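Here are the chains, one letter per residue:
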Amino acid sequence: MNFQWYPGHMTKAKRQMQEDIKLIDLVIELVDARVPLASRNPDIDELGKNKYRLILMNKADLADKEKTKQWSSYFKKMGFFVVSLDARTKNSMKSITDIVMEACKEKIERDRKRGIKNRPVRAMVVGIPNVGKSTFINSYAGKACAKTGNKPGVTKGKQWIRLSKSVELLDTPGILWPKFEDQSVGLKLALIGSIKDEILNVDELAVELIKFLISSYPGLLSERYDVNESGDITDIIIEIAKNRKCVSKGAEVDYSKAAALVIDDFRSGKLGKITLEIPNSQE
C-alpha cells in the first residue's frame, strides 16, 4: 500500500500556524497513545522550538498501559511535559491546568518580576487529524467550543477559547505532513483512522494488522474470534468471516466485511489495549 494524503487546506494551515505561533507561550500537542511517534507531525518541533511543550497522549484508554509508560519516559527525556489521558472523560482534565502552569512557570515568574500579574498563559493546541483535539478542547473548557467530528479534517478556522483566568487556548486545524517518508507511518495512521477510509484498501490493512497482532499480541485473535493463529493470514480472515457470520448475498463468505470488522474492533478497543509501536524500535 502506498500512502499519500495531503489536502490543499493543510498547506494553508501550516502557514497559519507559523503566524499564530508568535502569539503563544505553550504548544500543546495531541498524539494518539497507540502510535505516539507516527501520530506526531515532524513540522511541529521546528515550529515550536522556542516554546514550552506539552505532549498529551490521548486515547490512552485504548493503548497498552506498559507501552504508554515507556513512551511517557521517552518524551520526557526529549524535554517535553507529558500527560496520558482519555479526552472524553472529565477526570483526565483535572491535572492539565497544573501541568500547563508547571510547564510555563519560568514565563509566569518573568511576568511577576516585571509587575505583570494574571496574564493568562496562551497555548496552542495542535495535532494531526483525528487525534481528538476538538474533544480535548471541549472537555477541558467544559462546553462545546470546538466543532468535533470523527472524520479527519472536520475542524476548520481559528478561535481563542478562554478556559480560566490563567489559560487561553488557540484552536488550530490539524496538519499532516506532505508525504510519508516511511510507509509504516502511513500504515499506522491508516489503522487508527487518521487517513480517510475511502482512499484505503481495508483488506490489505487488516492483513497488516493481523500480522502485527500475531507477532506482538499472540493469542489475542484466537481469544476474540476463535481462530487458529498459525494459519495463513487470508485463511484467518476467512475463518473470522465464518465465525462472525460475515456473509454476502447467496451465503458467500464476505472477506472484506470480516477485514473491516477486525479494523473496527481494533479502533474501538474491543480487541484489547494495543499499542502499535514501542520507543526502543524508534531510537
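If you're wondering where the values come from, they're calculated on a predicted model, not measured in any experiment.

**Q** Even after reading the chapter, I still don't get the nonpolar core, so can you show me in this structure?
**A** When a protein is soluble and globular, its nonpolar side chains tend to lie buried together. In terms of nonpolar packing, the biggest core is built from 62 residues, with Leu 26, Ile 28, Phe 136 and Leu 169 touching the most fellow members. Residues contacting Phe 136, with those up to four places away along its chain left out, are Ile 28, Leu 30, Leu 56, Leu 85, Ala 87, Met 93, Ile 96, Val 125 and Leu 169. The next biggest cluster of nonpolar side chains, apart from the first, holds 11 residues, and it includes Ala 63, Tyr 74, Phe 75 and Phe 80.

**Q** Would you mind showing me how to read the pattern of salt bridges here?
**A** When charged atoms on two side chains of opposite charge get close, those side chains can pair. Evaluation of the coordinates by the stated rule reveals 21 salt bridges. Glu 19 is the salt-bridge partner of Lys 22, the closest N and O atoms lying 3.4 Å from each other. What makes Glu 19 partly exposed here is its relative accessible area of 47%. In this structure, the salt-bridge partner of Glu 109 is Arg 112, at a minimum N-O distance of 2.6 Å. Of the two residues, Glu 109 and Arg 112 both sit in helix α5 (residues 105-113), 3 residues apart, roughly one turn of that helix. A cluster of three or more residues bridged by salt bridges with shared partners is formed by Asp 25, Lys 107, Asp 111 and Arg 119.

**Q** Mind showing me how you'd approach helix α4 (residues 96-103) here?
**A** Since the α-helix packs 3.6 residues into each turn, any two residues three or four apart lie on the same face. Considered for burial, the residues of α4 that qualify are Ile 96, Val 100 and Ala 103. Projected onto a plane normal to the axis of α4, the buried residues spread over an arc of 65° and lie on a single side.

**Q** I keep staring at unusual backbone geometry and nothing clicks. Help me out?
**A** Negative phi values dominate among residues other than glycine, just as trans dominates among peptide bonds. You will see that Asp 226, though not glycine, has its phi angle at about 55°, which is positive. Tracing the sequence through the fold places Asp 226 in the loop between α9 (220-225) and α10 (233-243). Phi is positive for Ala 251, close to 60°, though the residue is something other than glycine. Examined against the element boundaries, Ala 251 turns out to sit in the loop between β7 (247-248) and β8 (252-253).

**Q** Please clarify how the packing of aromatic side chains should be interpreted in this entry.
**A** Two aromatic rings are characterised by how far apart their centres lie and by the angle between their planes. Within the structure shown, the criterion is met by 6 aromatic pairs. Judged by centre distance (5.3 Å) and plane angle (70°), the rings of Tyr 74 and Phe 75 are edge-to-face. Classification of Tyr 74 by relative accessible area gives buried; the value is 13%. Ring plane angle 35° and centroid distance 5.4 Å describe the contact between Phe 136 and Tyr 140, whose orientation is recorded as tilted. You can see Phe 136 and its partner Tyr 140 sitting in helix α6 (residues 133-141), 4 residues apart, about one turn around the helix. On the basis of relative accessibility, which here comes to 12%, the residue Tyr 140 falls in the buried class. Put simply, the rings of Trp 71, Tyr 74, Phe 75 and Phe 80 touch in pairs and so form one group of aromatic residues.

**Q** For this particular structure, what's the right way to read the side chain of Thr 275?
**A** Locating Thr 275 in the fold gives a position in the segment after α11 (255-268). Within the structure, the side chain of Thr 275 is placed 2.9 Å from the backbone nitrogen of Asp 64, a separation counted as a polar contact. Aside from chain neighbours lying at most four places away, what touches Thr 275 is Ala 33, Arg 34, Ala 63, Asp 64, Lys 67, Trp 71, Phe 212 and Tyr 217.

What counts, and where the lines are drawn
- Residues numbered from 1 in each chain as written.
- Predicted model: local features only at pLDDT ≥ 70, side-chain atom pairs only at ≥ 80, totals over all residues.
- Heavy atoms only, no water.
- Core = buried A, V, L, I, M, F, W, Y, C linked by side-chain atoms within 4.5 Å.
- Buried < 20%, exposed > 50% of the residue type's maximum accessible area, 1.4 Å probe, protein only.
- Contact = heavy atoms within 4.5 Å.
- Salt bridge = Lys/Arg side-chain N within 4 Å of Asp/Glu carboxyl O.
- Helix = DSSP H or I, 4+ residues; strand = E, 2+ residues; numbered from the N terminus.
- Arc of directions from axis to C-beta.
- Phe/Tyr/Trp six-rings, centres within 6.5 Å; stacked < 30°, edge-to-face > 60°.
- Polar contact = N/O pair within 3.5 Å; in protein donor to acceptor, adjacent residues only side chain to side chain.

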